[in-house]
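As a plain string of letters, each chain reads:
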Amino acid sequence: MNDIEDYDAHKLEVEVQKFWDENHYFNVKADPQREKFYCLAMFPYPSGSLHMGHIRNYTIADTISRYQRMLGKNVLQPMGWDAFGLPAENAARKNKTSPADWTHNNIIHMRAQLKRLGLAYDWNRELATCDPSYYRWEQWLFGKLLEKGIAYRKEGWVNWDPIDQTVLANEQVVDGKGWRSGAPIERKKISQWYLKISDYAEQLLTGLDALGDWPEQVKQMQRNWIGRSRGINIQFDLADYRGSLDVFTTRPDTLMGVSYLAIAAEHPMALQAAKRSPMLAELIEKCHRRPTTESTAMTYDKIGIDTGLRAIHPISGESLPVWCANFVLIEYGSGAIMSVPAHDQRDWEFAKTYQLPIRQVIKPSNGDSVCLAEKAFTEHGILCNSGKYDGMRYQQAFDAILLDLKAIGKGRETIQYRLKDWGVSRQRYWGVPIPVVYEKNEYRAVNDDDLPVILPSATVRDSASLTETEGFFKNDTASNTQQSNIDISPLSQRADFYRVTDTCQREVDTFDTFVESSWYYARFTCPHNDTAMLDEETAYWMPVDQYVGGIEHAILHLLYARFFYRLMRDLGLLDKLPDNFKNEPFKRLLTQGMVLKGGMKMSKSKGNTVDPNDLIDKYGADTVRLFIMFAAPPTKSLEWSDSGVEGAHRFLKRLWRQINVHIRAQPTENIVPRNTEFYSMQHLIHKTIAKVSDDYDRRQSFNTAIAANMELSNALDKFDSQSADAYQLKREGYEAIVKMLSPIAPHIMHHLWQHLGHDTPLIDCPWPHYQTEFLQADRCDVIVQINGKLRARLNVVRGTDEASIKELALSDNKIRKYMNGVTPSKVIYVKDKIINFVCQ
């Protein structure tokens, strides 16, 4: 069969992609008569080139999209660009270009890379967050949130990245360092814009219970971040000082073990006391050079200063010292805590350092003793050394102490959340301008008719100086009385931007880029609507049926996106959706694993990257896609393997040749009875379709789906198909393989479908069906031996008697050939397992 054309991946893929494009196969619109399926992968930041993590993410989503299309659904799969952000600004400065040009050129390059992969995107819906037609509606939405009081401005302590020269959210601080720059974070007090995500904390928490198709790990990460706590707010009056300290605790059962109170460095009482104590003032200054995150505060060496203030225990009346401590954060609770060293590890460490009392008031329920000299005992147990509360367990003590505190006006039950309001303003150029103007020391949203507020153009010269101290307009800056961030925001150097009139000036901060990615999924449904943010198409397509992205976005992105969906709901933008679709934007979530090489995550800094373009040049896109999907389950890390890529390519070439050899073979016209081999193959074909269907749909286990198709192709290659029936069965098997692998390797399967004699393009064909009668659960394989040697397998109904098995086996041509006319002297039959013919 030397005349069979070799598999030429590049030629085939160019032809197929041209065919798809010319026929607009992936451009879709709302169709109420059809069931929709919205599949979305988290859109990329246009860094300049795709990496293998991108390839994996988008291949997974494309496989799901193509499978759902074969089920007959109206499938939307869009693509766009998360195009704003400080990295582009820094890269543009380094490369002596403008952020806009840098970003635009990167988008062109990465779009071409994506198209080479044959991804089924509706490119008519492409959007970039740096396009004014996109961020106009973000600015419009912010104006509505400002009207409702959900957006507000206040001065507060923030995480300041000294390298990137911008504020970071708590979620963007990793181990006390900026998530991008790696620089140690400092604290800075500046005026910021916030969104009241804390008002939605309970909704965001309880909404997780409805997300049955989300990974439990992601939901638990969000639960922990939201951090709902039921506790008591307790008032400690101060001696010789007008006022009191309110503290929140989830462990009122330890109240009788309090030995000191601790306040944050920024607490008003600490600042007042620092006027009399240089040592305290020095501590406060040190505390300013650390992040505001709770997790990093727990890792500090515990240091503090006695403020000289004394608090009165609300029940015992004991006088307690008030310390200023570096592990207490002003952002959490009231900025003051009651310290119980015996039963809180951070309090214990602090007490050990400063030799403060450690009083045990909880003992283990099982009667064991504890050694407080080594560490705190933090578990629930039975109260001791607590007066009338002795012998109580946690809940009983909670209720009793709450009742007593309420009776004297010193306590109330409270629900608190770890989740704090989201600071959304950033001090950078390349971002969405915050649509606010200042006039007569007041601020207001920009009028809708004046939107969008567009960034001023940045030339090469402008870009290079945007964040330098000396700007082009340093002598013409806006009034500090109106904008407290004027000295740190790059746009303050652009009078052509911030100056509206002599008395009216624009906000010079831009939005955190997570704002843009918090609603892009909704805008994909109507990207060209220039009169409304969302419309009727949104009601048809939303929510997203399948979302694909990395688990690293479990908090940063996914929580914000869930929040924004609720904001849009509450503004009436989702009114046309059914009520049960108005709360959550993503019905099903798949978090793909990392791509590793040499046991480490692929990255340029480690020098272990693989260029996707090189791979496609060498093997074709289908090979890359097949390897990515076969090498590991989608949720697990994938270890890169050059030999694995070559193996995927060999399989495609082998399948190409197998099918073409089969096509050119000529079956006999003889009527040959269907034997056990025929029925076994029929059973295997339908069993494979059933398994692969489940792998694609419920399990989303694409690697096992590929493995099952490989097994079927091997079995078909060995299958004797000389008779007409057997030849047709073999063709059915190959057609099933082509269909089942087409979502993963769509180009080669398109051509093989044509080779198999079909005029209808494969992309218009339905998913293969299996027949349940060939999937009987009571069937089994019985091994046929002759003198102990394996000669055949019979696929039969479980429980078939020996006589029937013997008759079936001896009617098989292959078995009769091995018998060579000899009548067996003995037959050994093990029910449902083996029949052995002994021939002397």
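Residues numbered from 1 in each chain as written. Predicted model: local features only at pLDDT ≥ 70, side-chain atom pairs only at ≥ 80, totals over all residues. Heavy atoms only, no water.

1. Digging into helix α5 (residues 132–148)
Taking 1.5 Å of rise per residue, 17 residues should cover 24 Å, and α5 covers 24 Å from first to last C-alpha, within 8% of that figure. For α5, the set of buried residues is Tyr134, Tyr135, Trp137, Glu138, Gln139, Trp140, Leu141, Phe142, Gly143, Lys144, Leu145 and Leu146. With a side-chain oxygen lying 2.9 Å from the backbone nitrogen of Ser133, the N-terminal cap of α5 falls on Asp131. One or two positions beyond α5, positive phi appears at Gly149, with a value near 80°. (Helix = DSSP H or I, 4+ residues; strand = E, 2+ residues; numbered from the N terminus. Expected span 1.5 Å × (residues − 1). Buried < 20%, exposed > 50% of the residue type's maximum accessible area, 1.4 Å probe, protein only. Polar contact = N/O pair within 3.5 Å; in protein donor to acceptor, adjacent residues only side chain to side chain.)

2. With respect to the pattern of salt bridges
In the structure shown here, the tally under the stated rule is 39 salt bridges. The salt bridge involving Arg228 is made with Glu202; its shortest N-O contact spans 3.0 Å. With Arg228 in strand β10 (residues 228–239) and Glu202 in helix α6 (residues 201–206), this pair connects stretches of sequence that are 26 residues apart. A salt bridge links Glu318 to Arg359; its shortest N-O distance comes to 2.7 Å. Of this pair, Glu318 sits in the loop between β13 (304–312) and β14 (319–325) while Arg359 is found in the loop between α11 (345–354) and β16 (362–363), placing the two residues 41 residues apart along the sequence. With a relative accessible area of 27%, Glu318 lands in the partly exposed category. Linked by salt bridges that have partners in common, Asp209, Glu216, Lys219 and Arg223 make up one network. (Salt bridge = Lys/Arg side-chain N within 4 Å of Asp/Glu carboxyl O.)

3. Remarks on the state of the cysteines
The tally for this structure, following the rule as stated, stands at 0 disulfides. Note on Cys39: no disulfide assigned, nearest cysteine sulfur contributed by Cys526 at a separation of 19 Å. (Disulfide = S-S within 2.5 Å.)

4. Section: empty space enclosed by the protein
Counted under the stated rule, the structure contains 4 cavities of 30 Å³ or more. Within this model, the largest cavity holds a volume of roughly 120 Å³. Around the largest cavity sit Trp20, Arg66, Arg69, Met70, Ser742, Pro743, Pro746, His750, Leu762 and Ile763, which together line it. Elements with a minimum of two residues in the lining of the largest cavity: α2 (52–70) and α24 (746–755). Considering each element in turn, the lining of the largest cavity owes the most residues, 3 residues, to α2. Of the residues belonging to the lining of the largest cavity, the class tally is 6 nonpolar, 2 polar and 2 charged. (1 Å grid on protein atoms, 1.4 Å probe; cavity = no way out; pocket = protein on both sides within 12 Å on 5 of 7 lines; lining within 4 Å. Points joined across faces, edges and corners; volume = space filled by probe spheres on them. Nonpolar A, V, L, I, M, F, W, Y, C, P; charged D, E, K, R; others polar.)

5. Examining the sheet that holds strand β22 (residues 442–445)
Taken in spatial order, the 3 strands line up as β22-β21-β23 in an open sheet, and their pairing is antiparallel. Every other strand in the sheet has two partners, leaving β22 and β23 (504–506) as the edge strands with one partner each. Taken over all neighbouring pairs, the strand axes of this sheet differ in orientation by 30° on average, direction set aside. Two elements, strand β21 (residues 436–439) and β23, share 3 bridges in a ladder whose sense is antiparallel. (Pairing = 2+ DSSP bridges. Axes fitted to C-alpha atoms, helices over the stretch in contact; angles between N-to-C directions.)

6. Examining the sheet that holds strand β6 (residues 166–168)
Pairing is antiparallel across the open sheet formed by 4 strands, whose spatial order is β6-β5-β9-β19. Strands at the two margins of the open sheet, each flanked by one partner only, are β6 and β19 (422–423). Bridge count between strand β5 (residues 151–161) and β6: 3 bridges; the pairing is antiparallel. Along β6, the bridge assignment pairs Trp160 with Val167. Sheet strands touched by α5: β5 and β9 (186–195). Its angle to β9, the strand with the most contacts, is close to 90°. (Contact = heavy atoms within 4.5 Å.)

7. Here's the deal with the pairing of strand β31 (residues 789–797)
In this sheet, β31 lies alongside strand β30 (residues 779–786) in antiparallel orientation, the contact comprising 8 bridges. The partner of Asp781 across the bridge, within β31, is Asn795. The antiparallel hairpin formed by β30 and β31 contains 2 residues in its connecting segment, where Asn787 sits at a positive phi of about 55°.

8. Details of unusual backbone geometry
Across the junction of Leu451 and Pro452, the peptide omega takes the value 0°, indicating a cis bond. Structurally, Pro452 can be placed in the loop between β22 and α13 (460–465). Even without a glycine there, the phi angle at Asp175 is positive, about 55°. A relative accessible area of 71% places Asp175 in the exposed class.

9. Some details on the nonpolar core
Within soluble globular proteins, side chains that are nonpolar generally end up buried alongside one another. Ranked by internal contacts, the top residues of the largest apolar core, which has 169 residues, are Met52, Trp422, Tyr521, Phe564, Trp640 and Met749. By residue number, the principal contributor to this core is helix α17 (residues 558–570), which donates 9 residues. Beyond its immediate sequence surroundings of up to four residues, Tyr521 is in contact with Tyr38, Leu40, Met542, Val544, Ala561, Phe564, Tyr565, Met568, Pro585 and Phe586. One finds Leu245, Met269, Tyr394 and Ile401 within the second-largest nonpolar core, a separate group that totals 43 residues. (Core = buried A, V, L, I, M, F, W, Y, C linked by side-chain atoms within 4.5 Å.)

10. Comments concerning helix α9 (residues 278–287)
Looking only at α9, the buried set comprises Leu280, Leu283, Ile284 and Cys287. Down the axis of α9, the buried set is contained in an arc of 100°. They therefore lie on one face. Looking at the buried positions of α9, the neighbouring elements they touch are β9, α8 (268–274), β13 and β14. (Arc of directions from axis to C-beta.)

11. Some remarks on the confidence of the model for the protein
Confidence in the prediction of the protein, expressed as mean pLDDT, is 91, and 94% of residues score 70 or more. The low-confidence segment residues 460–484 (pLDDT under 50) makes 57 contacts with residues lying over four places distant or belonging to another chain. (pLDDT = per-residue confidence, 0-100.)

12. A few points about the packing of aromatic side chains
All chains considered together, the criterion is met by 38 aromatic pairs. Ring centres of Tyr134 and Trp519 lie 4.4 Å apart, and the angle between their planes is 15°; on these two criteria the pair is classed as stacked. Of this pair, Tyr134 sits in helix α5 while Trp519 is found in the loop between β24 (510–511) and α15 (520–523), placing the two residues 385 residues apart along the sequence. Per residue, the accessibility class of Tyr134 equals that of Trp519, and both read buried. Where Tyr200 meets Phe563, the ring centres are 5.4 Å apart and the plane angle is 70°; that geometry is what we call edge-to-face. Taken as a pair, Tyr200 in the loop between β9 and α6 and Phe563 in helix α17 lie far apart in primary sequence, 363 residues in all. In this structure, Tyr200 and Phe563 share a single accessibility class: buried. (Phe/Tyr/Trp six-rings, centres within 6.5 Å; stacked < 30°, edge-to-face > 60°.)

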